[in-house]
Amino acid sequence: RFQKMHSRTNSFIGGISTTAHVADGLAAFFIATGNDPACVAESQAAVTHFTMDMDGSKANLDDYDLYATITLNSIIVASIGGGTSLPAFKAVRSMMGVESANELAEVC
C-alpha cells in the first residue's frame, strides 16, 4: 500500500521518482573508500521495493514484517587509482573484506 500511495503522490506532484534518497549514504561510502564523491550524482539512481510476507497466518496486518530493498542501478566505484591507493582507504577496504571494484559494489 505504501508503494502505491507513494507512486500516486509522486505522480500528482509531478515527480519522476519513487525511490529512497541514497545520495548522503553513498557520499559517505565513497569518501570512506577513497572513491570520488562527485560520482554520487550518477550513482544515486535507485529503485526501492517494499514487500510483505503475507502468508495469512496472522490476524492483524501490523503483525507482518515489511521488507525494503534498494537496488542501485549504476553505482560507480573503483579499487585502483586516485585516493584508493592511500593507506587509510586500503585499510577500510581490508576491514570490509573487499579487493576488487565488483566486491566493493556488492557491499554498497
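These lines cover the structure that appears in this document, whether it is placed above or below.

Turning next to the overall build of the protein. Summing up its helical and strand segments, the protein has five helices and two strands in all. Beginning at the N terminus, the succession of helices and strands in the protein can be written as α-α-α-β-β-α-α. By the burial criterion, 20% of the 108 residues in the protein qualify as buried. Per element, the accessible surface of the protein, about 7,400 Å² overall, is 58% carbon and sulfur.

Checked against the element boundaries, Q44 lands in the loop between α3 (40–43) and β1 (46–52). Sequence spacing of Q44 and A27 is 17 residues, and the spatial spacing of their C-alpha atoms is 9.4 Å.

Along helix α2 (residues 23–32), the positions that sit buried rather than exposed are A23, L26, F29 and F30. Down the axis of α2, the smallest arc covering the buried residues is 125°, so these residues share one side. In α2, those exposed residues whose orientation departs by more than 90 degrees from the buried face are D24 and I31. For α2, the secondary structure elements touched by its buried residues are α3, β2 (66–72), α4 (87–96) and α5 (101–107). Positioned one or two residues after α2, G34 has a phi angle of 80°, which is positive.

A few words on the environment of V92. Along the chain, V92 falls in helix α4. When the C-alpha atoms of V92 and A32 are compared, they prove to be 7.0 Å apart, with 60 residues separating the residues in sequence. Residues within four places of V92 in sequence aside, it is in contact with A32 and T33.

Cut-offs and rules
- Along each chain, residue indices are assigned from 1 in the same order as the chain's sequence is written.
- For this predicted model, a pLDDT threshold of at least 70 governs which residues receive local features, and a threshold of 80 or more governs which side-chain atom pairs are given and counted, while totals over whole chains, interfaces and linings are taken from all residues.
- With hydrogens and water stripped out, all remaining heavy atoms of the structure feed into the side-chain values.
- Helix and strand definitions follow DSSP, with helices as H or I runs of at least four residues and strands as E runs of at least two, each counted in order from the N terminus.
- Only protein chains enter the area calculation, which uses a 1.4 Å probe; residues under 20% of their type maximum are buried, those over 50% are exposed, and those in between are partly exposed.
- In short, Shrake-Rupley with a 1.4 Å probe defines the accessible areas, and a residue's cover is counted only from the protein chains shown.
- Arc definition: it is the arc formed by the directions from the helix axis to the C-beta atoms.
- Contacts are assigned to residue pairs that have any heavy atoms within 4.5 Å of one another.

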